[in-house]
Amino acid sequence: KQWYQRRVRGRVRRKKKSGNRLSHSGNIYNCKKSNDIFLKELASELGIDPELQDITPSHNSPLSSLFCDPDKMKIWLVFIDSTEDAQDEMLTVSPEVESNSRYKKISKSIRSELENIPCKTIKQFEKDIYSVVSDMGYESVVVLSAATKTDRVAIVAISQYSRLKCTSHLPISAVEVELKRKHFTKPSVPLSELLLSH
């Protein structure tokens, strides 16, 4: 393909010879060409040979960072060379880590109120919520009476700790607790036990 220029009304217009017909090069071509020129100039200023290196930054995904970091790669090799039972053991989260992670899911305002609530109240609401949610399963709803602020805070804290959806209905003094996931897993360390250790 041959390129030539001709002057049209004071500006230079490029045409591409394609077979027997002439076609105008469009804005996309010009944009690509100017970007290419800009990147080559930038590469030469930085002392990068554009023929040997990719001058655009690459995204570093978690998987690619695994292969780039020798320490992570050693851990990965140990993991994949292990038996399935050993891999399961490596992936199992300790109850302390799980309970601390769940505790952090409770909003700060509710956490600050928890120290004023008797452990007996929290235990009773845990028993009520877990028995119904465990029996009913997916998309079960429990409506509990929350006559006082203490009751409401306890129910909300247990719900957030257990990863359940919770909605307060203040005008009727009730709290609705809902299971939105297909499987409910009761926390290995109940909130009432965790609060005793804090």
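Refer to the preceding data block for the structure.
What this report covers is the structure whose coordinates are included nearby. Remember, it's a predicted structure, so these values are computed and weren't measured experimentally.

1. Structural notes on the pattern of salt bridges
Scanning the entire structure with this criterion turns up 4 salt bridges. With a closest N to O distance of 3.6 Å, Glu113 and Lys149 form a salt bridge. In this pair, Glu113 sits in helix α6 (residues 108-114) while Lys149 sits in helix α8 (residues 149-161), placing the two residues 36 residues apart along the sequence. For Glu113, a relative accessible area of 28% gives the class partly exposed. Residue Glu178 pairs with Lys180 through a salt bridge whose shortest N-O separation is 3.4 Å. A residue is classified by how much of its surface remains accessible, and Glu178, at 14% relative accessible area, is buried.

2. Quick notes on the nonpolar core
One broad trend across soluble globular proteins is that nonpolar side chains are buried collectively. In terms of nonpolar packing, the biggest core is built from 29 residues, with Ile129 and Leu191 touching the most fellow members. Among the secondary structure elements, those contributing two or more residues to this core are α6, α7 (119-136), β4 (141-145), α8, β6 (174-178) and α9 (191-197). Among the elements that take part in this core, α8 stands out by supplying 7 residues, more than any other. Setting aside its immediate chain neighbours within four residues, Ile129 contacts Leu144, Ile155, Ile158, Leu164 and Val177.

3. Overview of the environment of Glu178
On the secondary structure map, Glu178 appears in strand β6. Through-space distance from the C-alpha of Glu178 to that of Ile129 is 9.6 Å; in sequence the pair is 49 residues apart. In this view, Glu178 contacts Ser140, Val141, Leu164 and Lys165; residues no more than four positions away in its chain are not counted.

4. With respect to the side chain of Glu126
Residue placement: Glu126 occurs in helix α7. Despite its burial, Glu126 pairs with no opposite charge; the closest candidate is Lys123, at 7.3 Å N-O. Polar contacts involving the side chain of Glu126 include one to the side chain of Ser192, which spans 2.7 Å. Residues in contact with Glu126, not counting those within four places in the same chain, are Ile158, Pro190, Leu191 and Ser192.

Reading guide: rules and limits
Residues numbered from 1 in each chain as written. Predicted model: local features only at pLDDT ≥ 70, side-chain atom pairs only at ≥ 80, totals over all residues. Heavy atoms only, no water. Salt bridge = Lys/Arg side-chain N within 4 Å of Asp/Glu carboxyl O. Helix = DSSP H or I, 4+ residues; strand = E, 2+ residues; numbered from the N terminus. Buried < 20%, exposed > 50% of the residue type's maximum accessible area, 1.4 Å probe, protein only. Core = buried A, V, L, I, M, F, W, Y, C linked by side-chain atoms within 4.5 Å. Contact = heavy atoms within 4.5 Å. Lys, Arg positive; Asp, Glu negative; His and termini not counted. Polar contact = N/O pair within 3.5 Å; in protein donor to acceptor, adjacent residues only side chain to side chain.

By themselves, these are just geometric observations and shouldn't be taken as functional.
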